[in-house]
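What follows is each chain in one-letter form.
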Amino acid sequence: MDLGLQGKVAVIMGGTSGVGLKTAEMFLAEGAKVAICGRSAERMESAQSQLLSFGEKADIFASTCDVTSKSDVDSFINGTAERFGGIDILVNAAGQSVMGHFFDITDEQWEEQIQLKFFAIIYAVRASHPHILKRGGGRIININATLAKEPERHMVATAAARAGLLNLSKTLSQELAFDNILVNSVSLGLIRTDQWERRRLKNAPDMDPEEYYGDLAKKRNIPLGRVGEAEEVASVIVFLASDKASYVAGSTIETAGAIGKAL
């Protein structure tokens, strides 16, 4: 199936690991040009090397960037547009969660989650909008979590910020539709990513990974009986960015194995 992504420019905020990195790989496989960013220079170099393994045709722009810094985001987005001549697709994939009940979460942790889950998207959309507009339209895909609709008390700050992003994404889809920019969300459930790997190594370092994730799926009562893989989420993202999703806007697609709870 031709997805119509050949030569398109895809910007992935937080593309150095997990879902973001898999998404970058899939865009490259479809012939798109890819820009990724992240805070860690070490992870950036590793991700860039991995993406360059796609061969000489792998057209990549990589830069360190704190997505919660407006100046960093502006610099990265404008640098991408200058490098590739424009932007067609924005994927907001940066994110991490904080665990804790309401009275355990500090003001600093609240601010961190709101900055990362809310203002980071605002900065990226503002910066990329004029570049996408010059191309006649494009796509914005916000990566969210099922916590936005199914909050859990031990994830109060993350869930609240996720809910705000869900609302923001829907509003943006209505406003930017007039610019031929289609905005959608992908809502994650339990997905095997670097973040979960770090938890596994911390909590059960001697446990077989397959057994660990199998137990997680059982504890979460996931009907499909397993956790999801990063490439399964990436496939949905790439579809939403493609010509095949030309009348999909304002939607939230859950990649959660038929269950609402994410963590």
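Computed from a predicted model, the values in this text were never measured in an experiment.

Caption draft 1: Broad picture of the sheet that holds strand β5 (residues 138-145). With parallel pairing, seven strands are arranged side by side in an open sheet as β3-β2-β1-β4-β5-β6-β9. Each having just a single partner strand, β3 (60-64) and β9 (252-255) make up the two edges of the open sheet. Between one strand axis and the next, the sheet turns through 15° on average, direction left out of account. Relative to β3, strand β2 (residues 33-38) runs parallel, the two being bridged by five bridges. Looking across to β3, one finds that Gly-38 is bridged to Thr-64. Together, β1 (9-13), β2, β3, β4 (89-92) and β6 (181-188) form the strand contacts of helix α1 (residues 18-29), whose direction differs from that of β1 by roughly 170°. Running over the sheet, helix α5 (residues 156-176) touches β5, β6 and β9 and is turned about 165° from β5.

Caption draft 2: Quick look at the pairing of β5. Buried residues dominate β5, accounting for eight of its eight residues. Judged by which residues are buried, β5 turns out to be covered on both faces: Gly-138, Ile-140, Asn-142 and Asn-144 on one side and Arg-139, Ile-141, Ile-143 and Ala-145 on the other are all buried. In the sheet, β4 pairs with β5 via four bridges, with the strands oriented parallel. Each residue of the ladder has a partner; that of Asn-92, found in β5, is Asn-142. One ladder, built from eight bridges, connects β5 with β6; its direction is parallel. Bridge pairing in β6 places Ala-145 opposite Leu-188.

Caption draft 3: The arrangement of the environment of Val-183 in detail. Tracing the sequence through the fold places Val-183 in strand β6. In this structure, the C-alpha to C-alpha distance between Val-183 and Lys-134, residues 49 residues apart in sequence, is 17 Å. For Val-183, the contacting residues outside a window of four places in its chain are Ile-140, Asn-142, Ser-169, Leu-172, Ser-173, Leu-176, Ala-249, Gly-250 and Ser-251.

Caption draft 4: The packing of aromatic side chains, seen in detail. Summed over the entire model, instances satisfying the criterion amount to six aromatic pairs. Ring centres 5.9 Å apart and planes at 10° place the aromatic pair Phe-61 and Phe-76 in the stacked group. Here the residue Phe-61 occupies a position in strand β3, and Phe-76 occupies one in helix α3 (residues 70-84), the gap between them amounting to 15 residues. The same class applies to Phe-61 as to Phe-76, namely buried. Ring geometry for Phe-102 versus Trp-110: centroids 6.4 Å apart, planes at 70°, classification edge-to-face. Exposure remark for Trp-110: the relative accessible area of 22% places this residue in the partly exposed category. An aromatic cluster of at least three residues, connected via ring pairs, comprises Phe-102, Phe-103 and Trp-110.

What counts as what
Residues numbered from 1 in each chain as written. Predicted model: local features only at pLDDT ≥ 70, side-chain atom pairs only at ≥ 80, totals over all residues. Heavy atoms only, no water. Pairing = 2+ DSSP bridges. Helix = DSSP H or I, 4+ residues; strand = E, 2+ residues; numbered from the N terminus. Axes fitted to C-alpha atoms, helices over the stretch in contact; angles between N-to-C directions. Contact = heavy atoms within 4.5 Å. Buried < 20%, exposed > 50% of the residue type's maximum accessible area, 1.4 Å probe, protein only. Phe/Tyr/Trp six-rings, centres within 6.5 Å; stacked < 30°, edge-to-face > 60°.

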